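Listed here are the chains, written in short residue letters.
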Amino acid sequence: MLYSNHSTDTIVIIGAGPVGMVLAYALSRLNIPCTLFETNQTHETTRFPKMDLTNSRVMDLFRLLGLADTYRNIEGAVSASEKFESIFMTSLSPDGRELGRWSVPSVDEQRAEIRDVNDGSYPAEPGQRCSQIVFEKWMRGLVLKEEAITFWGGWRYISHVEDDDQVQARFVDLAGKEHTVPGRYLVGCDGGRSVVRKNSGLGMVGGTVPARFYLVHFRSAALSNYLTTRKTRFWHAFPANSGFIIDQDGKDTFTAHYPLLPTLSATSPTPSPHEAIHKVLAGCCTDPFKFPIDTILAHSIWQPSFSIANSYISAYGRVLLAGDAAHRSPPHGGYGLNSGLVDAVDLSWRLAALSKGYGGEMLLKAYSIERRPMMMRALCRSYRHLMEHVRLAQLYQKDWEILNEISDKGRRAREETGRYIRQSGPDTTDKGIELDLRYEYSPCVVPDADGSSEDEVTWDVKRYVPSTKPGHRVPHVYLRDGKTSIYDLLGPEWTLIHFVNTIAGDEAKKKAGVLLDVAQRLNFPLKHVTLYDENHARKIWQRDIVLVRPDTHAAWRCNANAFPSTGEAEEILAVVSGRVARPDFKDAEPDSMTKSEEQKFLTVVATLGLKGDGDE
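Quick summary incoming for the structure in this document. (Residues numbered from 1 in each chain as written. Predicted model: local features only at pLDDT ≥ 70, side-chain atom pairs only at ≥ 80, totals over all residues. Heavy atoms only, no water.)

Comments concerning the sheet that holds strand S7 (residues 149-153)
One open sheet holds the five strands; their spatial order is S7-S2-S1-S11-S19, and the pairing between them is parallel. A single partner strand is all that each edge strand has here, and the edge strands are S7 and strand S19 (319-321). Each neighbouring strand pair of the sheet contributes to a mean axis angle of 20°, computed without reference to strand direction. The sheet contact formed by strand S1 (residues 11-14) and strand S11 (residues 185-188) spans four bridges and is parallel. Bridged to Ile14 within S11 is Gly188. (Pairing = 2+ DSSP bridges. Helix = DSSP H or I, 4+ residues; strand = E, 2+ residues; numbered from the N terminus. Axes fitted to C-alpha atoms, helices over the stretch in contact; angles between N-to-C directions.)

Below is the structure:
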């Protein structure tokens, strides 16, 4: 039956995990109705910790959504005073010896550094430690309060049909009754085994990495007291060659990941949850390190995946993918779900622009063009981090019998391992991956009119290069008052940041009025922010006027001597709103960045021996 209470103007979202919920919430803030379907028959949020770091890019976006401070303060989120400490030990038992550590400052310490340096190279927000269990419960509560979101739990998605005007999705409810739900667009946020993706004919490249881990999520006051007494509290701990363990809340909740053989073997059965925990913590010591476990909260076997969809948008352009439905990443570096949350916010403003009538279909095509190369770059970096752990395991095996000895041989073996750990460094500090997202080849940005290359800086995986070059994420910087971030001035949709010298103020505002008048006539939602004599911020932002998209990427910029005429303003807004593509865009030919990142990605796929289509 046709679901009669459902508007055909709504956005249908399949999957109410973190990505689906953030997409729904972001749409609601833009006053766009959506219907969110939780296909889990239990209606429950996850019992498994999964993501445990919300990175700085996502926290920047949460700041724009008004959620950052609330999120940091929810029960279960790790305190802002806790460091991001990863330790490498021969064992966590009393006889264990430290091999090395990765130390990342706490949220409080990072905030102080961001404020002190203030050169545009830092995010507006540090990352936040928080288990996905906690995150999902919190986000579910927010979603259920939003009037623009219709939520249905336990409706199993079956299929959909799309045409040039709408999508019709078929569901079966908990009572076994079938429904056909129409919508303007459909977004598949239904995870790595996405049925939406398969039904849309969107294949994947890559597959499952030949490795398996036994995850055990548990509580133990005894372990917590032991670590506190020994002053060895951590975020991640890597006992030698036995897997790893995560301190989820800085209190008494942990998750152990014990490595299994790549395939199930009768001679190597899966250990019990208690055995797995004790073996992980024992490291290279022969005897398991046993201590009381209060509660086993959840346990399962998981395999890392390395794959990406051929496109994030269907042939008809009415179905889109976000999160694991579009890409699957190993946990190393924390790029998987964090990239999915960026997808969600990125999609929200595009769908809002189309729903409000000022945006064109090119915006959705650009979503795939922009996001895929950045995800392939992240996947390749995750592979590098994965191989660092493989190399570390090889070092462990080489010196296995002496690694924990007091002897000179044991000391030298630990020193060699320690050097390697220091050289490889933390895998969650790749600011180039997180922040330096470059969409300069997008059909929906306007390149600099003068073709200037003065601001061109080679991309660096370890740092964010501040730039307002069209397509780049604009830099956070504190203004003269030392308190206000320029990010706090950005509107919920488009923002025109305008740097003005007081002496030339009236004339400059008059020139900017041309663009503002055109935006008003076209119903293009544009907030105008005039910043007087903010010379430091102006230097970092590189131009007098910058048009900023809702996702904090620059779409166009110019200096005071090159303000657009009425005709030029119309052309600029037509491109950035996706009604037309920029003149030099070649639809049938991938840009050079996509080609480069795709070749690197395919090389890794071949190295891993992943010959499947990624849909297993």
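Back to the write-up after that little detour.
So, the sheet that holds strand S16 (residues 253-260)
Pairing is mixed in the open sheet, where seven strands are placed in the order S5-S4-S14-S15-S16-S13-S17. Each of the sheet's edge strands pairs with one partner strand only, and the pair in question is strand S5 (98-104) and strand S17 (295-302). Strand-to-strand twist in this sheet, taken as the mean axis angle between neighbours without regard to direction, amounts to 15°.

Regarding the side chain of Ser348
Mapped onto the fold, Ser348 is located in helix H9 (residues 336-356). A residue is classified by how much of its surface remains accessible, and Ser348, at 4% relative accessible area, is buried. A polar contact is formed between the side chain of Ser348 and the backbone oxygen of Val345, at a distance of 2.6 Å. Excluding residues that lie within four positions of it along the chain, Ser348 makes contacts with Leu23, Ala26, Leu27 and Leu30. (Buried < 20%, exposed > 50% of the residue type's maximum accessible area, 1.4 Å probe, protein only. Polar contact = N/O pair within 3.5 Å; in protein donor to acceptor, adjacent residues only side chain to side chain. Contact = heavy atoms within 4.5 Å.)

Quick word on the packing of aromatic side chains
Counted according to the given criterion, the structure contains 28 aromatic pairs. With a centroid separation of 5.4 Å and 80° between ring planes, the pair formed by Tyr71 and Phe135 is classed as edge-to-face. One end of the pair, Tyr71, is in helix H3 (residues 68-72); the other, Phe135, is in helix H5 (residues 132-145), and 64 residues separate them in sequence. Residue classification places Phe135 among the buried positions, given a relative accessible area of 0%. Aromatic pair Phe213 and Phe244: ring centres 6.3 Å apart, planes at 65°, arrangement edge-to-face. On the criterion of sequence distance, the pair formed by Phe213 in strand S13 (residues 212-219) and Phe244 in strand S15 (residues 244-247) is long-range, its members being 31 residues apart. Here Phe213 falls in the buried class, since its relative accessible area comes to 17%. Positioned over the ring face of Tyr478 is Arg115, at 4.2 Å from the centre of the ring. Across the ring face of Tyr464, the terminal group of Arg473 is positioned such that the distance to the ring centre comes to 4.6 Å. (Phe/Tyr/Trp six-rings, centres within 6.5 Å; stacked < 30°, edge-to-face > 60°. Lys NZ or Arg CZ within 6 Å of the ring centre and 35° of its normal.)

A few points about the nonpolar core
Membership of the largest hydrophobic core comes to 116 residues, with the highest contact counts inside it found for Phe62, Phe306 and Leu547. It is helix H10 (residues 362-398) that contributes the most residues to this core, 12 residues altogether. Excluding residues within four positions of it along the chain, Phe62 makes contact with Val22, Thr54, Leu67, Ala68, Tyr71, Phe135 and Trp138. Residues Phe88, Leu395, Tyr396 and Ile421 belong to the second largest nonpolar core, which totals 25 residues. (Core = buried A, V, L, I, M, F, W, Y, C linked by side-chain atoms within 4.5 Å.)

Overview of the packing of helix H1 (residues 18-29) against H9
H9 packs onto H1 with a crossing angle of 30° between their chain directions and a minimal axis gap of 8 Å. Considered as vectors, H1 and H9 are oriented roughly parallel to each other. Of the two elements, H1 crosses H9, and the hand of that crossing is right-handed. Counted together, Pro18, Val19, Val22, Leu23, Ala26 and Leu27 of H1 and Leu337, Gly340, Leu341, Ala344, Val345, Leu347, Ser348, Leu351 and Ala352 of H9 form the full contact between these two elements. Partitioned by chemical class, the residues of the contact of H1 with H9 number 13 nonpolar, two polar and no charged. (Parallel < 35°, antiparallel > 145°, perpendicular 65-115°, else oblique. Left-handed = near helix turned anticlockwise from the far one by under 90°. Nonpolar A, V, L, I, M, F, W, Y, C, P; charged D, E, K, R; others polar.)

What about the pattern of salt bridges?
Considering all chains together, one arrives at 40 salt bridges under this definition. Between Arg350 and Asp346 there is a salt bridge, with its nearest N and O atoms 2.5 Å apart. Placement of both Arg350 and Asp346 in helix H9 is noted, with a separation of four residues, approximately one turn of the helix. As far as the burial class goes, Arg350 and Asp346 line up, both buried. A salt bridge links Glu440 to Lys469; the shortest N-O distance between them is 3.7 Å. Residue Glu440 is found in the loop between helix H12 (431-434) and strand S21 (494-500), and its partner Lys469 is found in the loop between H12 and S21; the two are separated by 29 residues along the sequence. Classification of Glu440 as buried rests on a relative accessible area of 13%. The class of Lys469 is buried, set by a relative accessible area of 17%. Each of Arg63, Asp69, Arg72, Arg111, Glu125 and Asp488 takes part in a single network of salt bridges with overlapping partners. (Salt bridge = Lys/Arg side-chain N within 4 Å of Asp/Glu carboxyl O.)

Digging into H1
For H1, which comprises 12 residues, the first-to-last C-alpha distance of 17 Å matches the rise-based estimate of 16 Å (1.5 Å per residue) to within 8%. Most of H1 sits inside the fold, with 11 of its 12 residues counted as buried. Those residues of H1 not exposed but buried are Pro18, Val19, Gly20, Met21, Val22, Leu23, Ala24, Tyr25, Ala26, Leu27 and Ser28. Trailing H1 by a residue or two, Asn31 shows a phi angle of about 65°, which is positive. (Expected span 1.5 Å × (residues − 1).)

So, the environment of Leu260
Along the chain, Leu260 turns up in strand S16. Between the C-alpha atoms of Leu260 and His217, which are 43 residues apart in sequence, the distance is 17 Å.

Overview of the packing of H9 against H10
At their nearest, the axes of H9 and H10 sit 10 Å apart, and the two run at 165° to each other. Classified by the angle between their axes, H9 and H10 sit roughly antiparallel to one another. Relative to H10, H9 is oriented so that their crossing is right-handed. Counted together, Ser339, Val342, Asp343, Asp346, Leu347, Trp349, Arg350, Leu351, Ala353 and Leu354 of H9 and Leu363, Leu364, Ala366, Tyr367, Glu370, Arg371 and Met375 of H10 form the full contact between these two elements. Classifying every residue of the contact of H9 with H10 by side-chain character gives 11 nonpolar, one polar and five charged.

Things to note about the environment of Ala606
You can see Ala606 is positioned in helix H16 (residues 592-608). With relative accessibility at 58%, the residue Ala606 sits in the exposed group. Counting along the chain gives 400 residues from Ala606 to Gly206, while the straight-line C-alpha distance between them is 8.7 Å.

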